[in-house]
Amino acid sequence: MYDYLPHILLFVIAILFIQGLVIYAWRLRSIPGALPYAIHKAGIVLLLLSLLMASISAQFTEKLLWIRMYHAGMFIAMEAWLALTVKITGREKWFNRWTVTVWLTVLGTALAILFSNERYGLYWNRIWAAGSGVREIMGVWGNLIIDTGYLVLLFCTCLFFLRFLRVRGILRAQAGIMVFSTFITITGYFCWRMGATPAVRQDSLAMAYIISGLLDAFAFFKLRLFDIMPAAQAMVTQMMGDGLVVVDKLGIIVGVNSAAERIIGGSSPEVCGNTAGEVFELWPELSGLVSLRMTGSVELVINGEFYNVMVDPLSAWGVGLMGLTIVFHNISAEKKAQQLLIQQEQAAAIIKERDRLGRELHDGQGQMVSYLSMQLEAARSWIARDRPAQADSLLKDLVGMTQGLHTDIRESITNLKSNGDQDGFLGTLSGYLKWFGRNYGIETTLVITENVQEELFSPVSAVQLQRIIQEALTNIRKHAGAERVRVTVTVDNNEVEIVVEDDGVGFEVAKSLAKQGSYGLKIMMERAAEIGASVQFDSRSQTGKETGTSVKITVPTVKK
C-alpha cells in the first residue's frame, strides 16, 4: 500500500527528465565521457526513484529496501562522476587497470556493507520509520563511505575548477557548467537532509537534480559537450597528417591535434587556454592574421621544415563566426622537388648556353683565330723567301685583325656581365647602349614609351632579350657601317615590341640565314623561341635613300 504525497509529481518529472539524459548519453557512449555520464545519471534516477518509493511506501520493510537502493544509487552516481571528471578534464592517463580495479573494489565493498547491514550492522547503527520517511544513525563504515563520497565530489569539483581557471572560451564554459551543476546538487542534498525546502510542496533534492539536469542539457546542446559529429571530427583531426589548431572568436586556442602539438612544440593541455598571439609570437605574419580575424595563408619555416599555414573562419548556422581554424600543411617535399627542378632547369640552361657560346666562338673568334694562324704561316713563308715587303704588308693586316678580335672578345665579356639582375631589363639595356656608343663611336638612342614597366618582363625573358639585342648591335658594329642606332620599346595588347634600327648598308636576310657556318641570326631566333617571342629582320640594300636594317622582337608580357 502506498500513500500520496504532494511532491510526487515533482519527483516524477525529475526522474523522467534525467532518464531522458541517460538515454541521450547512452546513445553517444562511444564518445569519451558519455558512458560514465550515462551511468552517473542512471544512478541519480535510481536514487530519486528509491527516495520516492521509500517516502510513499506504507510498510517499513519496503521503506528499508528502497532506502538501501537509494544509497546504492548514490554510490554508483559518485563513482561514475569521478570517471566522468577524469575524462572531461583530460586526465585519461589515470584510467588504467589498477585504478579501475580500485574503483570497482570500493563500489563493491560499499554495496556489500550496505546490503549486509542486518547481519553485521556496519552501515547503520539504527534505522526506523519516521512519518513518510525514515530516520537513521550511521555506523562507522556508513559514515566512512558517505564521507568518502563527499570527498570524491569535492575532488571532482576542484578538478573542474582548475580546468575552468586554466582554459578559456567554450572549454571554460563547459568546465564552469560542471562546477555549478555539482554545487547545485550538493546544495539541494544538504537542504533535503536538513528538511529545508525553497518553495511550498516542492522537494529541494528533486529540484536540485532538475536544475543540474537543465545545466547538463545546456552543456550538451549549446556547448557541444557530447556530440557525435565533433567526436568523429576530433578522431579524424587527430589522425590527419596536417597540424590543426582551433581558435575561438576571442583569440583563445581551444583545440590542437597531435600533429600540431609536434609542430608548435607544446601538448594540448599546455597550449589550450592560451591566446594565439602568445603561442604564435615567433611567427608575426600568422599572429597578425589571427589577431585581425583574417582569412589567408602564409609560408613559414619551423624547425627546418616548410609549412603552408592556412587560416579560415569557423562558423555555424544561426551562430555566426565561432572562431578560426589554422591548418599547418608540410610542403617540405614539394619545396625540395621544386628546388631540384630549378637546379635541373638551371643545369640544362647552362648546358644550352655553353652550346650557344661554343657556336658563337666557333663562328666568330674561332674562325678569326684560324685565319690569323694561316696568315702568320704565310708571313713566315714570305720572310723565308726573303721578301720582307710582302711579309710587312701582311703583318700590318694581321695587326688590324688582332685589334678587331680583341674588340670582339671585350664585347663578349661585357655582354656576359650584363645580366640585368640589379638594374632590371630596362636599366641594363640603357647602360649597355651608352657603353656601346661610347666605345664604338656610334650614336645610340633609346626610346621607351610610358606604359612600359619593368614588371612586364620575366627574369628569363629579360636575359634572352638582352642577348638578342646585344647580338643585333654586334652585327651592326661589324657589318653595317652605321653611324646611328635607335632602339624603341613599346607595349600593346599584352605584347612588348622592341625594334633595333640602324642606318647602315643592310644585308641579304635570306642569304645570311642560308649561309653555312653562320650562327648569329639563328641563335637570335632560338633565344626568342625559348621565351615565346618572335624575331623579324627587315634589311634594304644600299640603293638611294633606302638604307639600314630593322630587327623587330615581339614578346608576350608577364601575366598578372
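Residues numbered from 1 in each chain as written. Predicted model: local features only at pLDDT ≥ 70, side-chain atom pairs only at ≥ 80, totals over all residues. Heavy atoms only, no water.

If you tally the helices and strands in the protein, you get 19 helices and 12 strands. Total accessible area on the protein is roughly 30800 Å²; 60% of this is exposed by carbon and sulfur atoms. (Helix = DSSP H or I, 4+ residues; strand = E, 2+ residues; numbered from the N terminus. Areas by Shrake-Rupley, 256 points an atom, 1.4 Å probe, with all protein chains shown as cover.)

Taken together, five strands build an open sheet; the order of strands is β8-β9-β10-β12-β11 and the sheet is mixed. Looking at strand neighbours, the two that pair on one side only are β8 (443-448) and β11 (534-539), the edges of this open sheet. Across the sheet, the mean angle from the axis of one strand to that of its neighbour is 10°, orientation sign disregarded. Relative to strand β12 (residues 549-556), strand β10 (residues 495-502) runs antiparallel, the two sharing eight bridges. In the strand pairing of β12, Ile498 is matched with Ile553. Where helix α16 (residues 424-440) meets the sheet, it contacts β8, β9 (484-492) and β10, and its direction lies at approximately 165° from that of β8. Lying over the sheet, helix α17 (residues 459-480) contacts β9, β10 and β12, oriented at roughly 15° with respect to β10. (Pairing = 2+ DSSP bridges. Axes fitted to C-alpha atoms, helices over the stretch in contact; angles between N-to-C directions. Contact = heavy atoms within 4.5 Å.)

Turning to unusual backbone geometry, a few remarks are in order. Positioned with a positive phi, Asn303 is a non-glycine residue whose angle comes to about 55°. When you line up the elements, Asn303 lands in the loop between β5 (296-302) and β6 (305-316). For Asn303, a relative accessible area of 70% corresponds to the exposed category. (Buried < 20%, exposed > 50% of the residue type's maximum accessible area, 1.4 Å probe, protein only.)

Enumeration according to the criterion identifies two cavities of 30 Å³ or more in this entry. Quantified by volume, the largest cavity comes out at close to 250 Å³. Mapped onto the lining of the largest cavity, the elements with two or more residues apiece are α2 (34-56), α3 (60-88), α6 (140-166), α7 (170-193) and α8 (204-221). At six residues, the largest contribution of residues to the lining of the largest cavity is made by α7. Here the residues of the lining of the largest cavity are counted per class, giving 12 nonpolar, five polar and one charged. (1 Å grid on protein atoms, 1.4 Å probe; cavity = no way out; pocket = protein on both sides within 12 Å on 5 of 7 lines; lining within 4 Å. Points joined across faces, edges and corners; volume = space filled by probe spheres on them. Nonpolar A, V, L, I, M, F, W, Y, C, P; charged D, E, K, R; others polar.)

Before going further, it helps to spend a moment on the nonpolar core. With 65 residues, the main nonpolar core has Leu48, Phe75, Tyr123 and Trp124 as its most contacted residues. The element best represented in this core is α3, accounting for 14 residues. Once residues within four sequence positions are removed from consideration, Phe75 is found in contact with Leu107, Ala110, Leu111, Leu114, Tyr123 and Ile145. Counting 39 residues, the second largest nonpolar core, distinct from the first, contains Leu456, Val500, Met524 and Ile553. (Core = buried A, V, L, I, M, F, W, Y, C linked by side-chain atoms within 4.5 Å.)

Bringing the packing of α3 against helix α4 (residues 97-115) into the picture now. Packing of α3 against α4 leaves a shortest axis separation of 10 Å and a crossing angle of 170°. The angle between α3 and α4 falls in the class roughly antiparallel. Of the residues in α4, those in contact with Arg68, Met69, His71, Ala72, Phe75, Ile76, Glu79, Leu82, Ala83 and Val86 of α3 are Trp103, Val106, Leu107, Ala110, Leu111, Leu114 and Phe115. Tallied by class, the residues present in the contact of α3 with α4 amount to 14 nonpolar, one polar and two charged. (Parallel < 35°, antiparallel > 145°, perpendicular 65-115°, else oblique.)

A cluster of nonpolar side chains, Tyr120, Leu122, Val140, Trp141 and Leu144, forms an exposed patch at the surface whose accessible area comes to about 520 Å². Counting residues per element, the nonpolar patch draws most heavily on α6, which supplies three residues. Mapped onto the elements of the fold, Tyr120 is located in helix α5 (residues 117-120). Judged by its relative accessible area of 52%, Tyr120 falls in the exposed class. (Patch = residues over 30% accessible without salt bridge, like charges linked within 9 Å, V, L, I, M, F, W, Y side chains within 5 Å. Salt bridge = Lys/Arg side-chain N within 4 Å of Asp/Glu carboxyl O.)

So, on to the pairing of β10. The sheet contact formed by β9 and β10 spans eight bridges and is antiparallel. Bridge pairing in β10 links Arg486 to Glu501. Here β9 folds back onto β10 in antiparallel fashion, the turn holding two residues, of which Asn493 has a positive phi close to 55°.

This paragraph deals with the pattern of salt bridges. All chains considered together, the criterion is met by five salt bridges. Between Glu483 and Arg484 there is a salt bridge; the shortest N-O distance is 3.9 Å. Exposure remark for Glu483: the relative accessible area of 52% places this residue in the exposed category. Here Arg484 ties to Asp503 by a salt bridge, and the two come within 3.2 Å at their closest N and O atoms. With a gap of 19 residues between them, Arg484 in strand β9 and Asp503 in the loop between β10 and α18 (509-514) connect regions that are remote in the sequence.

As a further point, take the confidence of the model for the protein. Per-chain confidence: the protein averages 79 in pLDDT, with 81% of residues scoring 70 or above. Considering only residues more than four positions removed or in separate chains, one finds that residues 196-202, a stretch of pLDDT under 50, has 12 contacts. (pLDDT = per-residue confidence, 0-100.)

This paragraph deals with the packing of aromatic side chains. Two descriptors summarise a pair of aromatic rings, namely the distance from one centre to the other and the angle between the planes of the rings. Enumeration over the complete set of coordinates arrives at 10 aromatic pairs. Look at Phe161 and Phe164: their rings are 6.3 Å apart centre to centre, the planes differ by 20°, and that puts the pair in the stacked class. Of this pair, Phe161 and Phe164 both sit in helix α6, three residues apart, which is roughly one turn of that helix. What makes Phe161 partly exposed here is its relative accessible area of 40%. What makes Phe164 partly exposed here is its relative accessible area of 27%. Aromatic rings pair up to connect Tyr432, Trp435, Phe436 and Tyr440 into one cluster. The lysine or arginine in question, Arg477, covers the ring of Tyr440, its NZ or CZ lying 4.9 Å from the ring centre. (Phe/Tyr/Trp six-rings, centres within 6.5 Å; stacked < 30°, edge-to-face > 60°. Lys NZ or Arg CZ within 6 Å of the ring centre and 35° of its normal.)

In this section: α6. Relative to the 39 Å expected for 27 residues at 1.5 Å per residue, α6 spans 39 Å between its end C-alpha atoms, a close match to the ideal helical length. Within α6, burial applies to Gly142, Ile145, Ile146, Gly149, Val152, Leu153, Cys156, Thr157, Leu159, Phe160 and Arg163. (Expected span 1.5 Å × (residues − 1).)

Below, the discussion takes up the pairing of strand β3 (residues 243-248). Counting buried positions over the six residues of β3 gives five, a clear majority of the element. Pairing analysis gives three bridges linking β3 to strand β4 (residues 253-256), with the strands arranged antiparallel. Among the inter-strand pairings, Val247 is bridged to a residue of β4, identified as Ile253. Hairpin connection of β3 to β4: four residues between the antiparallel strands, including Gly251 at a positive phi of 85°.

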